[in-house]
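Structural overview for review
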Amino acid sequence: MKTVITYGVFDLFHEGHENLLKRARALGDRLIVGVTSNEFTRQRGKLLLADSLDIRMANVRNCPYVDEVILEDHYGQKVEDIQKYRADVFVIGDDWKGKFDYLKKWCEVVYLPRTPGISSSSLRTAPYPSISFGIVSSGRIVRRFLQEIDHVHGGVHVREIYNPHLESARRLAEGYPDLQAAESYPELLEKSDCVYIASPHETHYAYAKEALLAGKHVLCEKPLAMRRSEAEELYALAEERSLILMEAVKTAYCPGFSRLLSIVESGFIGEVKDVECAFTKLTDPQLRERRDRDHGGSFTELASYTLLPVLKILGTKDLDIRFESLLDENGIDLYTKTYISNGRMLSCGKTGLGVKSEGELLIAGTEGYIRVSSPWWKTSEFAIHREDPQDITSFHVDYAGEGLRYEIAELVDRLQGWHTSDYHLTREESITMAGIFEQYLAYREGLRGNE
Ligand code: C2G
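About the criteria used
Residues numbered from 1 in each chain as written. Predicted model: local features only at pLDDT ≥ 70, side-chain atom pairs only at ≥ 80, totals over all residues. Heavy atoms only, no water. Pairing = 2+ DSSP bridges. Helix = DSSP H or I, 4+ residues; strand = E, 2+ residues; numbered from the N terminus. Axes fitted to C-alpha atoms, helices over the stretch in contact; angles between N-to-C directions. Contact = heavy atoms within 4.5 Å. Left-handed = near helix turned anticlockwise from the far one by under 90°. Near = heavy atom within 4 Å. Polar contact = N/O pair within 3.5 Å; in protein donor to acceptor, adjacent residues only side chain to side chain. Areas by Shrake-Rupley, 256 points an atom, 1.4 Å probe, with all protein chains shown as cover. Nonpolar A, V, L, I, M, F, W, Y, C, P; charged D, E, K, R; others polar. 1 Å grid on protein atoms, 1.4 Å probe; cavity = no way out; pocket = protein on both sides within 12 Å on 5 of 7 lines; lining within 4 Å. Points joined across faces, edges and corners; volume = space filled by probe spheres on them. Domains from an automatic or database assignment. Salt bridge = Lys/Arg side-chain N within 4 Å of Asp/Glu carboxyl O. Buried < 20%, exposed > 50% of the residue type's maximum accessible area, 1.4 Å probe, protein only.

Within the open sheet, the eight strands sit side by side as β13-β14-β15-β12-β16-β17-β18-β19. Their pairing is mixed. Since the sheet does not close on itself, it has two edges, and those belong to β13 (320–327) and β19 (392–396), each with one partner. With strand direction ignored, the average angle separating the axes of adjacent strands in the sheet is 10 degrees. As paired elements, strand β16 (residues 361–365) and strand β17 (residues 369–372) share four bridges and run antiparallel to each other. If you follow Leu-362 over to β17, its bridge partner there is Arg-371. On top of the sheet, helix α12 (residues 255–265) reaches β12 (272–281), β16, β17, β18 (381–385) and β19; it is set at about 15 degrees to β18, its chief contact.

This brings us to the packing of helix α6 (residues 140–149) against helix α15 (residues 404–416). A packed helix pair is summarised by two numbers, namely the angle formed by the two axes and the spacing between the axes. Closest axis-to-axis distance for the α6/α15 pair is 9 Å, and the angle between their directions is 65 degrees. Two packed elements cross with a definite hand, and for α6 against α15 that hand is right-handed. Counting all contacts with α6, which are made through Ile-141, Arg-144, Phe-145, Glu-148 and Ile-149, the residues of α15 involved are Leu-404, Arg-405 and Ile-408.

Turning to the site of the ligand, a few remarks are in order. Thr-36, Lys-46, Lys-78, Asp-95 and Ile-118 are the nearest of the 20 residues found near the ligand. In this structure, an oxygen atom belonging to the ligand sits 2.7 Å away from a side-chain N or O atom of Asp-95. When the ligand is considered free in solution it has 620 Å² of accessible area, and contact with the protein chains removes 97% of it. At the level of elements, β1 (3–8), α1 (15–25) and β4 (89–93) are the ones that each hand at least two residues to the shell around the ligand. Among the elements that take part in the shell around the ligand, α1 stands out by supplying three residues, more than any other. Along the lines of polarity and charge, the residues of the shell around the ligand split into seven nonpolar, seven polar and six charged.

Quick look at the layout of surface pockets now. Taken as a whole, the largest pocket spans an internal volume of roughly 880 Å³. Along its surface, the largest pocket is lined by 33 residues, and Asn-38, Arg-42, Pro-255, Tyr-423 and His-424 are the ones closest to its centre. Counting only elements with at least two residues in the lining of the largest pocket, the list comes to α2 (38–43), α11 (250–253), α12 and α15. Considering every element that reaches the lining of the largest pocket, the biggest residue donor is α12, with seven residues. Broken down by class, the residue content of the lining of the largest pocket amounts to 15 nonpolar, eight polar and 10 charged. Built from parts of two domains, the lining of the largest pocket gets at least three residues from each of domain 1 (3–122) and domain 3 (255–398 + 421–449).

Further remarks concern the pattern of salt bridges. Under the counting rule described, the total for this entry stands at 25 salt bridges. Between Glu-183 and Arg-170 there is a salt bridge; the shortest N-O distance is 3.5 Å. Within this pair, whereas Glu-183 is found in the loop between β8 (180–181) and α8 (185–190), its partner Arg-170 is found in helix α7 (residues 166–174), the two being separated by 13 residues in sequence. Overall, Arg-170 belongs to the partly exposed group, its relative accessible area being 34%. When the shortest N-O distance is used, the salt bridge between Arg-241 and Glu-240 registers 3.1 Å. Each of Glu-167, Arg-170 and Glu-183 takes part in salt bridges that share partners, so that together they form one network.

Attention shifts here to the environment of Tyr-423. As for its position among the elements, Tyr-423 is in the loop between α15 and α16 (427–450). Residues Tyr-423 and Lys-312, 111 residues apart in the sequence, show an inter-C-alpha distance of 9.8 Å. With sequence-adjacent residues up to four places away left out, Tyr-423 is seen in contact with Lys-312 and Glu-429.

A few words on the pairing of β19. Two faces belong to every sheet, and in a regular strand the side chains alternate between them. Across five bridges, the pairing between β18 and β19 is antiparallel. The residue bridging Glu-381 from the neighbouring strand is His-396, located in β19. A loop of six residues connects β18 with β19, the two strands running antiparallel in sequence.

Taken together, six strands build an open sheet; the order of strands is β8-β7-β6-β9-β10-β11 and the sheet is parallel. Looking along the sheet, the strands with just one partner apiece sit at the ends: β8 and β11 (245–248). Relative to strand β7 (residues 156–162), strand β6 (residues 131–136) runs parallel, the two being bridged by six bridges. Bridge pairing in β7 links Phe-133 to Val-158. Sheet strands in contact with α7 are β7 and β8, and its direction is about 145 degrees off that of β7.

Next up, the structure:
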């Protein structure tokens, strides 16, 4: 009996997949198909999936040429499976030509021609064939965004960029053949489905509001707004118009952070009692965030990150909030500690600009603690510790590139309608953050008054 094995994601199962499986089965007497898990698919760089794993496996199982379906969830598994299932032939489409030659040590390797004209990617973009992003601002983050969006293969393109300093947008656009500098914000809105707002903090609210009023989806850099009422208004506008509004706190959308939260929720460390985290940076004192007396400082710059695990774990209700800041001679906070408690759990988030500390996140519970290694906001390595110092369970989840690809992928997922929940960063969490920014700015004003 000749066993054939093949692997694939099989998202939106289509005739290309079926043809491949038919020809694979014809090479032997039994066909085993490995369907790649969501997490492993993502780890291999494909961020968008329309179908759940259950549906993808069921579609493959229902295909008449398939005898057995297995799950593929890690690198190196093919080598194990070929030996375990005594596979004689490994088959894959010729888009992978040469990539699996190392398997020839164990079995025959066959690359079959792909069926032309059809792919999961082209089907995935069908509901929203092409999503045009317009970017507001041309600061440091924009180049990163342009690199990261290339990793989200869902028909997303950046076409327009706008900066009130038109010259600066033009200069940036020159480096990218598909990018145009818009002459005005309304022009950018008119030509885009969706805007990414990465302008200075204090301008976010106005840009986001104008975009929503013009019927455009919004991905807005943090902080979305500096007042609770502004954030509430923006989410209400988005809801009325069935538009997506997302605050780009990138940690919220990265796979490692989601895994961490799920582990906390599942009671691995018992009841959580404390959350401590820090995000500090040594930056050039000439930068905007060190000079802008009204909107600069460590809190406005970095607290969106430190507030994230706190609100995720403590929730948004009945919070008691207290701040302690050290201001520089311009009245800008160089270092701030934010203490938030809800009567059952405590927390402390530290932000610093020009002050450096360890960028760790520690979550203490009644049965142990979780330590997320620095930089915790790019969540990748974390470990669960218990009373016995030898008792450590470690986790590693990939964090790819600059991490912005995860929030972009989430936006595309939601635009395409594959995923409708905002659980990674809820409206309530985002609004609560805006309220805490408002409270902080009032606290800092008070401190300045005392000087
Ligand atoms: N395929 C094909 N013709 C198409 C589209 C896909 O023959 N028009 C083949 C692919 O070459 C692959 C299989 O169908 O052999 C599954 O394709 P995908 O779902 O795109 O999965 P892929 O990314 O190739 O996953 O670990 C291996 C991977 O999981 C392979």
